[in-house]
Structure formats: C-alpha cells, structure tokens
Amino acid sequence: MSIAFDSEDDAWRTLSQLVNGELDTASVDELEFGDWVKSRVYIQGKRYDSTLNTYMMQGWQDAQRALYRSYAITAKGAADARSLTDSEREKLGLVVQIKSGSSDQEADLTDVLKEAALAAVGKMEPTQIATLLIVVFLSWAGGSITRHWISERAESKRAEIAAGSQKDVNITLLKAFETIQKVAVDQTNADLIAKAIKEQPVLRTFADEAEVARHSMVKHASQSDAVVNGVTIPAAVGRAVTQETRTETVEERRDGNYRVRKVDTTVPDGFRVFVENLENQETFAVDVQEVMSPANDRVIIKDAEWSKVPVRLQINAKVKKGVAQAATILKADKVEVDSDLATSA
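Rules and cut-offs
- Residues numbered from 1 in each chain as written.
- Predicted model: local features only at pLDDT ≥ 70, side-chain atom pairs only at ≥ 80, totals over all residues.
- Heavy atoms only, no water.
- Helix = DSSP H or I, 4+ residues; strand = E, 2+ residues; numbered from the N terminus.
- Buried < 20%, exposed > 50% of the residue type's maximum accessible area, 1.4 Å probe, protein only.
- Contact = heavy atoms within 4.5 Å.
- Areas by Shrake-Rupley, 256 points an atom, 1.4 Å probe, with all protein chains shown as cover.
- Polar contact = N/O pair within 3.5 Å; in protein donor to acceptor, adjacent residues only side chain to side chain.
- Salt bridge = Lys/Arg side-chain N within 4 Å of Asp/Glu carboxyl O.
- 1 Å grid on protein atoms, 1.4 Å probe; cavity = no way out; pocket = protein on both sides within 12 Å on 5 of 7 lines; lining within 4 Å.
- Points joined across faces, edges and corners; volume = space filled by probe spheres on them.
- Nonpolar A, V, L, I, M, F, W, Y, C, P; charged D, E, K, R; others polar.
- Phe/Tyr/Trp six-rings, centres within 6.5 Å; stacked < 30°, edge-to-face > 60°.
- Lys NZ or Arg CZ within 6 Å of the ring centre and 35° of its normal.

A. Summary view of the overall build of the protein chain. Within the protein chain one finds 12 helices and 13 strands. The buried share of the protein chain, taken over its 345 residues, is 46%. Sequence separation of at least 24 residues holds for 68% of the intrachain contacts in the protein chain that already meet a minimum separation of 6. Summed over its atoms, the accessible surface of the protein chain is roughly 17,900 Å², and 48% of this surface lies on carbon and sulfur atoms.

Structure below.
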C-alpha cells in the first residue's frame, strides 16, 4: 500500500502516526512525496526581477554547505565537506530556479534530501527510515517549522528589548514583531519532531543543519520583505531574528559511557569514531590520535564498535553553543554490561 504525501499536512499527519506507533510500513518504496518538498524564497519588486544579488546568493550557498555537512556527518562521521567526492557533491547539489517578475527562488529538495538522509539508514527498519525521511523533509521544507522558528526567535528578541534601555528606539521593531503570530499547531509539530529525534538521535544532525540553512536563508532575504517557505517575514524582523551575539568556542570534558557507531580509518594521523552518549543521546565525531593514545585504548574502541558494546571514554571537546565542534579521546576503558544489553543496541 502506497503512502502519498501531497501536502505538508499529509506529512505531519503520517509522522504523528509513525512516532506514536499507529502506522507501520513494509518498504520505503511505498512513500510518494509531492512537489511541496521545496525551499522557496519570494521577494517582490522590480529591483529583483528574475535576479539575485550577491547577498541573497549567500543564503543558498550556506544552505548547500549545511546539506554537505549533514551528509558528511552521517556518511563519514565528521562535519568536513571536503571529504565528499565529486560524485557525492553532484548528487547533493541544489539547483535554484528564479522566476520572472520578482525574485521568486525555488529549489526542489526531494532527491538531494533523500540522498543525504539515506546515508544515515544503516540497519534501520522501514518504519524508522520513513520517519527519518519525513523529519528531514519537514525540517528543510516545512512552513510550520519555519514559522515556529521565527516566532520563537521573535519572542526572545521582544524579551531582550523589554529588558533593555532602548525601548523607545525599538518601537518600530516591536510593531514589526506583532505581525509574527504563534500558531498552536506549530508547537505541537515541534514537539513531534523532538519526540522523533529522541527515538532516532541521528535526526539531530539533520535538524541542526536545517536550522543553520534556515537562519542564513532568512538573513540573506532580509534586505526587503520576503516570504520564506510560505512564511511572510518583514525585513526588520528578518534582520532582528538573525542577528547573533558572538559566541566563543570553549573547551569542555565530555566524559561518559558511549556507544561507538562508526569508525573512520582514513584519517591521516589516527582514526575517527562517531559516538553516541548513552545518557543524553548526544552524537558527534571524535578523533583518536595514533601517536597520543595507547595501543590498548585503540583496541578497546575498535572492539566496542565491532562488538556493539558500550565503552567508557574520556573526551576533550571544543564546544560552541552547546555542540561539540571538535573532540579528541584521551582514554578508553571497557564497560561491564550483561549480554542482553549488549545485543539490544
């Protein structure tokens, strides 16, 4: 039985059924996605008739980089787009169409997102793969997620203004924020995505990179009033919600019990592992340096991946906005677990 997604609403409805155990699917081939899986930016005005200026182009370029990183993390274990082959880049390449009469920009995402998502499949069941694909598509092309993201950031900026000393200066901006209204179903949908991510932590990578792309698309469309993924965004709001305070990278320890999901031996001075924290399901890539780590530690890590058992790792990580950007394993120890736990991974 085929499952057709002719609209975003169909996708949300099916995702709810999948996450809540109300629907099962025997094959990914049963899924049929409509032409709504697109990223679109619309800017009206003769000035932008069938054109993009260099500032607008940056949004699409950042979206492309985010897509490359999503694939690199899930397929190769590290957010390094330089590891992609020419063939992989071609399959993941965005093609942006610009319609006449305005700057109506549109990129069909179905094939490129499917290519990126399927790199994370591994030994997933068809129902898990279906959930993965729907979440990825909604994260990148969903109007509900875009609207929720805008409203949440607008609410945060409103609070900053209210607590500051420049309230009078920001009257115009506050009025612009009034055009951004919260919609109850958007929070419901956001909670649904969060539930899916908790069940499949690999989805966090796709959701995070989709947010990076969304941020840049909105920012680089903010020279004028715009519509992004069906959501109307006044220029002042677009600029305000994408204005970031500088965030420094800090070093933190990420010690804990981990499961090794993947080992990459192509790293020149050692190897890299893709790990998942058993306590909070955080996933990231960690380097194991050949000259710095004892041979026994390297054996323990490789055995943990091969035997699919947990391993105790001492990790030093460079963290930005709570996310480990780069990390190195300092020490590895075996974790004693019963056979049932080991085989349930």
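B. Main features of the side chain of Ser144. Assignment of secondary structure puts Ser144 in helix H6 (residues 143-163). The class of Ser144 is buried, set by a relative accessible area of 5%. There is a polar contact of 2.6 Å between the side chain of Ser144 and the side chain of Asp186. One polar contact links Ser144 to Asn189, side chain to side chain, over a distance of 2.9 Å. Beyond its immediate stretch of four places on either side in the chain, Ser144 contacts Glu8, Trp12, Asp186 and Asn189.

C. View of the pattern of salt bridges. All told, the structure shown has 13 salt bridges when counted by the stated rule. The shortest N-O distance in the salt bridge between Asp255 and Arg253 comes to 3.0 Å. Take Asp255: its relative accessible area is 34%, and that puts it in the partly exposed class. The structure contains a network of salt bridges with shared partners spanning Glu252, Arg254 and Glu282.

D. Region of interest: the layout of surface pockets. Space inside the second largest pocket adds up to approximately 840 Å³. Along its surface, the second largest pocket is lined by 25 residues, and Ala120, Val121, Gly122, Lys123 and Arg261 are the ones closest to its centre. Elements with a minimum of two residues in the lining of the second largest pocket: helix H8 (184-199), strand E9 (256-264) and strand E10 (270-277). Top contributing element to the lining of the second largest pocket by residue count: E9, with 4 residues. Across the lining of the second largest pocket, the residue classes break down as 9 nonpolar, 6 polar and 10 charged.

E. Main features of the packing of aromatic side chains. Evaluated as defined, the whole model comprises 3 aromatic pairs. Sitting over the ring of Tyr68, Arg89 keeps its end group 4.9 Å from the ring centre.

F. Main features of the side chain of Ser139. The residue Ser139 is located in helix H5 (residues 126-141) in this model. With relative accessibility at 5%, the residue Ser139 sits in the buried group. Not counting chain neighbours up to four residues away, the residues in contact with Ser139 comprise Ile145, Ala207, Ala210 and Arg214.

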